[in-house]
Amino acid sequence: MGLLSRKDSKLILDPLADDNPITIQVLGICSALAITAQLKASIVMAVSVLFVLGAGNVVISLIRNIIPSKIRIIVQLTVVAALVIIVDQVLKAFSYQLSKELGAFIGLIITNCIIMGRFEAFALGNGPWRSFLDGIGNALGYGVILIIVGFFRELLGSGTLLGFKVLGDPIAKTGLYSIGYENNGFMLLAPMALIVVGVIIWVQRTRNKALIED
């Protein structure tokens, strides 16, 4: 990782694979089910959480020594709510249609267990730089899973990626549709996201037996 020490590198790399917040810690599952029918929405949610968790971890770390322990959860909620409002306003300003499509799910970033978990488990006990790396690493791990799920759900459910037709035209019967392929409408339903996440977990544990719990 160049300028990063081994410990700093682990903060980025571990959440991408063997300590992934979704597939290993089983956190943030709700948004993975709710907004991954389209790849674009998955990418936007991943970037949003990247900003909120990275910046939020830094803010909490900077003020950790002056936060009274009895109200630390309220302070953490205030920080994450402020950052989510920034994300929501930016989306409305630059991509209003996507903001409408994501609806309440951007606001529900506040309730994402990963964010509050990292505030509590890491930012309250570490400096700003390491907290920033921890936030970026966990947000990237979360985002990678969302993008993988969004990729397969949109491709198999709609035959498109980012709205572009990649399997052919289902009406004109071109591409794969000319040989009888049909879009799988089940992929657009939330339960199929859970199945895709389950397949990812199965593949991950098959490749690394140490992740299998006794």
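What comes next concerns the included structure. (Residues numbered from 1 in each chain as written. Predicted model: local features only at pLDDT ≥ 70, side-chain atom pairs only at ≥ 80, totals over all residues. Heavy atoms only, no water.)

Moving on: the overall build of the chain. When helices and strands are tallied, the chain shows nine helices and two strands. The secondary structure elements of the chain, listed N-terminal to C-terminal, are α-α-α-α-α-α-α-α-β-β-α. On the principal axes, the C-alpha backbone points of the chain span a range of 65 × 45 × 35 Å. Counting only residues that meet the buried cut, the chain has 42% of its 214 residues in that class. Look at the contacts in the chain between residues 6 or more apart in sequence, and 74% of them connect residues 24 or more apart. As displayed, the chain offers around 11,400 Å² of accessible surface, 69% of which is attributable to carbon and sulfur atoms. (Helix = DSSP H or I, 4+ residues; strand = E, 2+ residues; numbered from the N terminus. Buried < 20%, exposed > 50% of the residue type's maximum accessible area, 1.4 Å probe, protein only. Contact = heavy atoms within 4.5 Å. Areas by Shrake-Rupley, 256 points an atom, 1.4 Å probe, with all protein chains shown as cover.)

Okay, helix 9 (residues 190-207) next. If you check helix 9, its first and last C-alpha atoms are 26 Å apart, about what 18 residues at 1.5 Å a residue would give, namely 26 Å. The secondary structure elements touched by the buried residues of helix 9 are helix 2 (29-34) and helix 8 (128-158). (Expected span 1.5 Å × (residues − 1).)

Turning our attention to the side chain of Asn-112. In this fold, Asn-112 is placed in the loop between helix 6 (104-107) and helix 7 (113-121). The exposure class assigned to Asn-112 is buried, which follows from its relative accessible area of 7%. A polar side-chain atom of Asn-112 sits 2.9 Å from the main-chain amide nitrogen of Ile-114. If sequence neighbours within four positions are ignored, Asn-112 has contacts with Gly-28, Ser-31, Val-49 and Tyr-142. (Polar contact = N/O pair within 3.5 Å; in protein donor to acceptor, adjacent residues only side chain to side chain.)

Below, the discussion takes up the packing of helix 3 (residues 39-62) against helix 8. Closest axis-to-axis distance for the helix 3/helix 8 pair is 8 Å, and the angle between their directions is 170°. Overall, the two elements helix 3 and helix 8 adopt an arrangement that is roughly antiparallel. Classified by chirality, the crossing of helix 8 by helix 3 is right-handed. (Axes fitted to C-alpha atoms, helices over the stretch in contact; angles between N-to-C directions. Parallel < 35°, antiparallel > 145°, perpendicular 65-115°, else oblique. Left-handed = near helix turned anticlockwise from the far one by under 90°.)

What follows is about the nonpolar core. One finds Met-45, Val-52, Leu-102, Ile-106 and Ile-109 to be the most contacted residues of the largest nonpolar core, which totals 36 residues. Residue assignment for this core shows that the elements contributing at least two residues are helix 3, helix 4 (72-94), helix 5 (96-102), helix 7, helix 8 and helix 9. Ranked by size, the runner-up nonpolar core spans six residues in total, among them Leu-4, Phe-122, Leu-133 and Ile-136. (Core = buried A, V, L, I, M, F, W, Y, C linked by side-chain atoms within 4.5 Å.)

Here the focus is the pattern of salt bridges. Evaluation of the coordinates by the stated rule reveals seven salt bridges. Of the charged contacts, one joins Arg-118 and Asp-134 as a salt bridge, the two residues approaching to 2.8 Å between their closest N and O atoms. In this pair, Arg-118 is assigned in helix 7 and Asp-134 in helix 8, connecting sequence segments 16 residues apart. Relative accessible area serves as the criterion here: at 3%, Asp-134 is assigned to the buried category. (Salt bridge = Lys/Arg side-chain N within 4 Å of Asp/Glu carboxyl O.)

This part takes up the packing of aromatic side chains. Across all of its chains, the model carries three aromatic pairs by this definition. With centroids separated by 5.1 Å and ring planes inclined at 85°, the aromatic side chains of Phe-151 and Phe-152 adopt a geometry described as edge-to-face. Phe-152 gets classed as partly exposed once you look at its relative accessible area, which sits at 39%. (Phe/Tyr/Trp six-rings, centres within 6.5 Å; stacked < 30°, edge-to-face > 60°.)

Of note, Ser-131 is situated in helix 8. Taking relative accessible area as the criterion, Ser-131 reaches 0% and is therefore assigned buried. In terms of polar contacts, Ser-131 uses its side chain to reach the backbone carbonyl oxygen of Asn-126, at 3.4 Å. Those residues in contact with Ser-131 that lie beyond four places of it in its chain are Asn-57, Ser-61, Phe-122, Ala-123 and Asn-126.

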